[in-house]
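# Results of the structural survey
The primary structure of each chain is shown beneath.
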Amino acid sequence: MKEPKDPSGPVFTGLVESIAAGGAGIIRQDGRPVFVELTAPQDRISYVIRRDHSSWAEGDLLEVLSPSPQRVPPACPLYSRCGGCSLQHLSYEAQVDAKTRILRDTFERIGGLSPPIHRIRPSSPYGYRNRLQLHRIPETGELGLMERRSKQPVALEDCPVADPGIRQALKAGTFKRESGPERFNVYAHLDTLLWEGGLQEGQITIKGKTLFYDVKVFFQSNAAMLELLIDDLLEAASSANSDLPLADIYSGIGTFAAFLEGLFSGVTVVEENPAALALARRNLGSAKAEYAALRDSAWVKKLSPGKNPWGLMVLDPPRQGLSAPLSSYLAQRGPEHIAYVSCDCATLARDSRVLVNGGYTLHSLGLYDFYPQTAHIESLALFHRTNKSA
């Protein structure tokens, strides 16, 4: 396999040791790590240095001299050019193994913790992705995804990781228009197909429950994995005090609260996006629900200094993790049970260290492969407070 570029600078050879966070392979060059994309553990490759950062470097793959047994042919003809996927050259088993090791290593390096990974939830390797952001190419009207290491889209007529409904719509030209937004979201699941510039709002079905959804608002992109995650949250909620309310922070359209609210005496929903919060109001059936259209840091400032009133708090923050005010509040006065859904294991490890230092035990850690063929890692950490006087 060769990169579509000419070598510049000295050519090196090396053996790839493992996959790093972000998906690049790691080679040791005179002791320092060199990160080379599109490589597999046990590949022997030739490469050039693209960027030198003194103590580490980024390299470009020139040729796979001796392929790893973990290497497989990519399913997409645009792979290595399209930026949507970064691990199609690895067998799916190797992808899950790499992500499991990255999650464990990140907790040790950043969190100073060595938790066992209690649960690994694999996905269907292809055809799983329900939500995509497509780009319209102004010159041609074609649709595509962003090219790797570029700000320009690469045209496509199909996408193997996409839900069958999206793939059918792409082939049928459903999303093609002479005018419209240059960047837009599409969503497909079961009989539902939504897209900006077309049918934008509708109802989606998750675990038999109907949710109101607007495709402009964030929603998890792998419905099958979302249902498994909800199952595990329901299991976690069963050990919490049901006489106290549930708190769903960074709630989005209220997905988790919609499934958990019936187990608790009430629910507090916090979401800074007003459009998402409006959908959460429609998706929750509880008359006792309280809603706050606030950032986590602003919401914390409004809390009374008394004891935390929730039986379970579900956290599903963006990549930057918890704000410092919220993590500090939780460490000092958080509820007995916290379920932290994370899309970035580095910030999860950072926040876990704060919670553990504040009197929590990291009860379990699970890996959920929401995005096969990519380096993204989703996880669920469950915390139980052991220091109840905090």
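This text follows the structure it describes.
In this report, the structure presented in the accompanying data block is examined. (Residues numbered from 1 in each chain as written. Predicted model: local features only at pLDDT ≥ 70, side-chain atom pairs only at ≥ 80, totals over all residues. Heavy atoms only, no water.)

## Quick look at the nonpolar core
F175, I206, Y213, F219 and L312 are the most contacted members of the largest nonpolar core, which totals 75 residues. Of all the elements, helix α3 (residues 223–237) adds the most residues to this core, at 8 residues. Beyond its immediate chain neighbours, meaning those up to four positions away, L312 contacts A237, A240, P245, L246, A247, L260, F264, H337, I338 and A339. Residues I249, Y250, A292 and L365 belong to the second largest nonpolar core, which totals 41 residues. (Core = buried A, V, L, I, M, F, W, Y, C linked by side-chain atoms within 4.5 Å. Buried < 20%, exposed > 50% of the residue type's maximum accessible area, 1.4 Å probe, protein only. Helix = DSSP H or I, 4+ residues; strand = E, 2+ residues; numbered from the N terminus. Contact = heavy atoms within 4.5 Å.)

## Notes on the environment of T205
Mapped onto the elements of the fold, T205 is located in strand β13 (residues 201–206). Sequence separation between T205 and A223 is 18 residues, and the spatial gap between their C-alpha atoms is 9.1 Å. For T205, the contacting residues outside a window of four places in its chain are H189, L190 and T210.

## Here we look at the sheet that holds strand β11 (residues 183–189)
Pairing in this open sheet of 5 strands is antiparallel, and the strands run β10-β9-β8-β11-β12 from one edge to the other. Looking at the sheet topology across the chains shown, the edges are occupied by β10 (153–155) and β12 (192–195). Taking the axes of each pair of neighbouring strands and ignoring which way they run, one obtains an average angle of 40 degrees across the sheet. Across 5 bridges, the pairing between strand β8 (residues 131–136) and β11 is antiparallel. Bridge pairing in β11 places R131 opposite Y187. (Pairing = 2+ DSSP bridges. Axes fitted to C-alpha atoms, helices over the stretch in contact; angles between N-to-C directions.)

## Details of the pattern of salt bridges
For the coordinates displayed, the defined rule picks out 20 salt bridges. With its nearest N and O atoms 3.0 Å apart, the salt bridge here joins D105 to R101. Of this pair, D105 and R101 both sit in helix α1 (residues 92–111), 4 residues apart, which is roughly one turn of the helix. Looking at D105, the relative accessible area reads 32%, which means it is partly exposed. Residue classification places R101 among the partly exposed positions, given a relative accessible area of 27%. A salt bridge links E272 to R295, with the shortest nitrogen-to-oxygen separation between them at 3.2 Å. Residue E272 is found in the loop between β16 (267–270) and α5 (274–283), and its partner R295 is found in the loop between β17 (289–292) and α6 (296–301); the two are separated by 23 residues along the sequence. Exposure remark for E272: the relative accessible area of 44% places this residue in the partly exposed category. Taken together, the salt bridges that share partners define one network made up of E37, R50, R51, E58, D60, R148 and R149. (Salt bridge = Lys/Arg side-chain N within 4 Å of Asp/Glu carboxyl O.)

## Observations concerning the pairing of strand β20 (residues 360–368)
Most of β20 is tucked away: 7 of the 9 residues are buried. Pairing geometry for strand β7 (residues 119–121) and β20, over 3 bridges, is parallel. The residue of β20 that forms the bridge with R119 is G366.

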